[in-house]
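In case you want the letters, here they are:
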Amino acid sequence: MPPSSPVFPSSSPSSSASPFSAPSRDAVVSALRAAGCVFAEDEAELISAAARTAGELTSLVDRRVSGLPLELVLGWAEFHGLRIAVAPGVFVPRRRTEFLVAEALAQVPDAAVVVDLCCGSGAVGAALAAALDRPEVHAADVDPAAVRCALGNLADVGGRVYTGDLFDALPDALRGRVDILAANVPYVPTGEVALLPAEARDHEPLVALDGGADGLDVLRRVAAEAPRWLAPGGCLLVETSERQAPAAVEAFARAGLRTRLAVSEELYAHVVAGVAR
């Protein structure tokens, strides 16, 4: 089915998506399954719940069938027990990144100052704020679309969000005060971006995916400068891949951080954590 073709053409007299009736659940599931959605039944439930009218349901299903990520169809992503608003052109938080949040909380359970660097939607900052006791939350991203999205997601916790390149975006008053510095940096090698699933490749900003020749360009920059921003005992945490983990650990150690690698087999997640000495 071409992406431009409606799943339930309302012009057909026999269509179940007439202006007066919604497509049946079976019709929605069938359309999603035919488009290659592996969890068609679960997606059908979520999309149906999000639609307020029959016409809106048809539109949402058509958008999903055309290849739009489910999270962008719904307008939110579930992350660490929260509903995080997402928008077109903004990196969608991955479930494996919940492991980074868990590691941060285990390392600094009483953190008072949190920074979510390369924040995207602000999901990590929001999750940390929800788990901690009213921390001071800051977030930054180079992409204005991400900053707008993060502002909404962090508004309820009083989070402050800045636009700029890594630490250049942060106020100088944070130097030496950060307890948790979570940086979900881009780490896909440039030559492998084209191999990503279409949902990421076609709908998420390149700046949130491309980590340079070996995928570690941004990680090295963050690790090198982090010690100037961390409080004593503060922790930098970065997600990476299994293949890149040894080089990432080396970059942290070179920056003078006490470093360890944490792995979640369940989520296939690898997090490098470095504590300020």
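Residues numbered from 1 in each chain as written. Predicted model: local features only at pLDDT ≥ 70, side-chain atom pairs only at ≥ 80, totals over all residues. Heavy atoms only, no water.

Asks: Please clarify how the overall build of the chain should be interpreted in this entry.
Replies: On a plain count of helices and strands, the chain comes out with 10 helices and nine strands. Taking 277 residues into account, the globule formula puts the C-alpha radius of gyration at 19 Å, and the chain, at 21 Å, falls close to it. For the chain, the C-alpha atoms occupy an extent of roughly 70 × 40 × 30 Å along the three principal directions. Counting across all 277 residues of the chain, residues that qualify as buried make up 52%. For the chain, long-range pairs separated by at least 24 residues make up 60% of all intrachain contacts whose partners lie at least 6 apart in sequence. Here the chain holds 23 positive side-chain charges and 35 negative ones, and the gap between their average locations is 3 Å. (Helix = DSSP H or I, 4+ residues; strand = E, 2+ residues; numbered from the N terminus. Rg over C-alpha atoms; globule rule 2.2 N^0.38 Å. Buried < 20%, exposed > 50% of the residue type's maximum accessible area, 1.4 Å probe, protein only. Contact = heavy atoms within 4.5 Å. Lys, Arg positive; Asp, Glu negative; His and termini not counted. Charge placed at Lys NZ, Arg CZ, Asp CG, Glu CD.)

Asks: Would you mind going over the packing of helix 2 (residues 40-50) against helix 3 (residues 54-65) with me for this structure?
Replies: For any two helices packed against each other, one specifies the inter-axial angle together with the distance between the axes. Two elements in contact, helix 2 and helix 3, have axes separated by 9 Å at closest approach and are oriented at 140°. With respect to helix 3, the axis of helix 2 lies oblique. Crossing hand, helix 2 versus helix 3: right-handed. Where helix 2 approaches helix 3, its residues Glu 43, Ile 47, Ser 48 and Ala 50 are matched on the opposing element by Glu 56, Leu 57, Leu 60, Val 61 and Arg 64. For the contact of helix 2 with helix 3, the class distribution of residues is five nonpolar, one polar and three charged. (Axes fitted to C-alpha atoms, helices over the stretch in contact; angles between N-to-C directions. Parallel < 35°, antiparallel > 145°, perpendicular 65-115°, else oblique. Left-handed = near helix turned anticlockwise from the far one by under 90°. Nonpolar A, V, L, I, M, F, W, Y, C, P; charged D, E, K, R; others polar.)

Asks: Even after reading the chapter, I still don't get the packing of aromatic side chains, so can you show me in this structure?
Replies: Within a pair of aromatic rings, the relevant descriptors are the distance that separates the centres and the angle that separates the planes. Overall, the coordinates contain one aromatic pair when judged by the stated rule. The ring centre of Trp 76 lies 3.8 Å from the NZ or CZ of Arg 83, which sits over that ring. (Phe/Tyr/Trp six-rings, centres within 6.5 Å; stacked < 30°, edge-to-face > 60°. Lys NZ or Arg CZ within 6 Å of the ring centre and 35° of its normal.)

Asks: Just checking my understanding: could you explain the packing of helix 1 (residues 25-34) against helix 2 for this structure?
Replies: Running from N to C, helix 1 and helix 2 point in directions that differ by 125°, and their axes come no closer than 9 Å. In this view, helix 1 runs oblique relative to helix 2, as classed from their interaxial angle. Between helix 1 and helix 2 the crossing geometry is right-handed. Within the contact between the two elements, helix 1 uses Arg 25, Val 28, Val 29, Leu 32 and Arg 33 and helix 2 uses Ala 40, Glu 41, Glu 43, Ala 44, Glu 45 and Ile 47. A class-by-class count of the residues in the contact of helix 1 with helix 2 yields six nonpolar, no polar and five charged.

Asks: Any chance you could explain the pattern of salt bridges here in plain terms?
Replies: Side chains that carry opposite charge are capable of pairing whenever their charged atoms lie near each other. Throughout the structure, instances matching the rule amount to 20 salt bridges. For Glu 239, the salt bridge goes to Arg 96, with nearest N and O atoms at 3.1 Å. With Glu 239 in strand 7 (residues 230-240) and Arg 96 in the loop between strand 2 (82-85) and helix 5 (98-107), the pair connects residues that are 143 residues apart, well separated along the chain. For Glu 239, a relative accessible area of 2% corresponds to the buried category. (Salt bridge = Lys/Arg side-chain N within 4 Å of Asp/Glu carboxyl O.)

Asks: Is there a simple way to think about the nonpolar core in this case?
Replies: Across soluble globular proteins, nonpolar side chains have a tendency to be buried as a group. Formed by 34 residues in total, the largest nonpolar core has its most connected members in Leu 128, Ile 180 and Leu 237. Broken down by element, this core gets its largest block of residues, six residues, from helix 6 (residues 123-131). Sequence-distant contacts of Leu 237, that is, excluding residues within four places in its chain, are made with Leu 100, Glu 103, Ala 104, Ile 180, Leu 181, Ala 182, Ala 183, Val 271, Val 272 and Ala 273. By size, the runner-up hydrophobic cluster in this structure holds 31 residues, among which are Val 113, Leu 166, Val 178 and Leu 216. (Core = buried A, V, L, I, M, F, W, Y, C linked by side-chain atoms within 4.5 Å.)

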